[in-house]
Amino acid sequence: QVYKHNGDIDKYIGDAVMALFSHFPEQAVNAAIEMQQKVKEYNNYRITKKHPAINIGVGIHIGKLMLGIIGEEERMQGTVISDAVNLAQRIEEMTKRYGAKIIISKDTFMKIEDPNNYHYRFLGITTVKGKQKPTSIFEILNSDSEEQLESKLSTKDDFEVALYLYKYNEFKEAIQKFTEVLKIN
């Protein structure tokens, strides 16, 4: 799906894949949505073989980077180095904590030409490991099941109001809103 959307795979790191998309953030978001759809199809096959389902999380961030050759005389490799790569990896780690399939940074969201082409919701402002500056993050919902999507979209406004209340220390009201959301989603 990466190559189909004009991306390049930079490296495999354990069970992670780092891919680069040089033109438009939509390319990365569309690749992520299709990867999630392929995982869904693969899980349907796994279930027929009595194997547990697998999950993947995708983190997307846009930013400047340096692409080059690193290493030493006996071992060299091409790679990218940047704060943007580190932040993308930290956002990917957040998919587990948030129970989200695809999370993008505000920087990515702001570069998408028409965000209304996607179903999304604001997840909040968080400080990621190794960073001092908070990062706003959004969940892309297009790869959720129809039931999950409907549930998240129907509670989107209340969820975002609850986040706002929480941010401004209105905890009692935030808890009430979050409780309303939890009843539905």
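Refer to the structure presented above.
The rules we used
Residues numbered from 1 in each chain as written. Predicted model: local features only at pLDDT ≥ 70, side-chain atom pairs only at ≥ 80, totals over all residues. Heavy atoms only, no water. 1 Å grid on protein atoms, 1.4 Å probe; cavity = no way out; pocket = protein on both sides within 12 Å on 5 of 7 lines; lining within 4 Å. Points joined across faces, edges and corners; volume = space filled by probe spheres on them. Helix = DSSP H or I, 4+ residues; strand = E, 2+ residues; numbered from the N terminus. Nonpolar A, V, L, I, M, F, W, Y, C, P; charged D, E, K, R; others polar. Buried < 20%, exposed > 50% of the residue type's maximum accessible area, 1.4 Å probe, protein only. Pairing = 2+ DSSP bridges. Salt bridge = Lys/Arg side-chain N within 4 Å of Asp/Glu carboxyl O. Axes fitted to C-alpha atoms, helices over the stretch in contact; angles between N-to-C directions. Phe/Tyr/Trp six-rings, centres within 6.5 Å; stacked < 30°, edge-to-face > 60°. Lys NZ or Arg CZ within 6 Å of the ring centre and 35° of its normal.

Undergrad: How do you make sense of the layout of surface pockets when you look at a structure like this?
TA: One simple way to see leftover space: roll a probe sized like a water molecule over the atoms. What the second largest pocket holds in volume is close to 300 Å³. What lines the second largest pocket is a set of 14 residues, among which L87, D107, K133, P134 and T135 lie closest to the centre. If you list the elements that add at least two residues to the lining of the second largest pocket, you get α2 (83-98), α3 (106-111) and β8 (135-140). If you tally residues by element for the lining of the second largest pocket, the top one is α2, at 3 residues. Grouping the constituent residues of the lining of the second largest pocket by class yields 5 nonpolar, 4 polar and 5 charged.

Undergrad: Quick question: what am I supposed to make of the pairing of strand β6 (residues 102-105) here?
TA: Moving residue by residue along a regular strand, the side chains alternate between the two faces of the sheet. The alternating pattern of β6 places I102 and I104 and I103 and S105 on opposite faces, both of which are buried. Here strand β3 (residues 58-60) pairs with β6 via 3 bridges, running parallel. Bridging across to β6, I60 finds its partner in I104. Relative to β8, β6 runs antiparallel, the two being bridged by 3 bridges. Within β8, the residue paired with I104 across the bridge is F138.

Undergrad: Help me understand the pattern of salt bridges in this model?
TA: Overall, the coordinates contain 10 salt bridges when judged by the stated rule. Its salt-bridge partner being K152, residue E139 comes within 2.7 Å of it at the nearest N-O pair. Note that E139 is positioned in strand β8 and K152 in helix α4 (residues 146-154), a separation of 13 residues in sequence. When sorted by exposure, E139 lands in the same class as K152, which is buried. Of the charged contacts, one joins K177 and D158 as a salt bridge, the two residues approaching to 3.3 Å between their closest N and O atoms.

Undergrad: I would appreciate a short explanation of the sheet that holds β8 in the present structure.
TA: Strand pairs in the sheet, formed through backbone hydrogen bonds, run parallel or antiparallel to each other. Pairing is mixed across the open sheet formed by 4 strands, whose spatial order is β3-β6-β8-β7. Two strands lie at the open edges of the sheet, namely β3 and β7 (120-126), each paired on one side alone. The mean inter-strand angle of the sheet, taken between neighbouring strand axes irrespective of direction, is 25 degrees.

Undergrad: Explanation requested: the side chain of T126 in the structure shown.
TA: Tracing the backbone through its elements, the reader meets T126 in strand β7. Accessibility expressed as a relative area gives 10% for T126, which makes it buried.

Undergrad: I tried to follow the packing of aromatic side chains on my own but got confused; where do I start?
TA: With the rule as written, the count across this model stands at 8 aromatic pairs. Taken together, a centroid distance of 6.1 Å and an interplanar angle of 70 degrees make the contact between F159 and F178 edge-to-face. Note that F159 is positioned in helix α5 (residues 156-167) and F178 in helix α6 (residues 171-184), a separation of 19 residues in sequence. Taking the relative accessible area as the measure of exposure, F159 reaches 13% and is therefore buried. Residue classification places F178 among the partly exposed residues on the basis of a relative accessible area of 25%. Between Y164 and Y168, the ring centres sit 4.8 Å apart and the planes meet at 50 degrees, which makes this aromatic pair tilted. Overall, the relative accessible area of 53% leaves Y164 in the exposed class. Over the ring of F159 we find R121, and its NZ or CZ is 4.3 Å from the ring centre. A cation sits over an aromatic face here: K156 above Y120, 4.0 Å from the ring centre.

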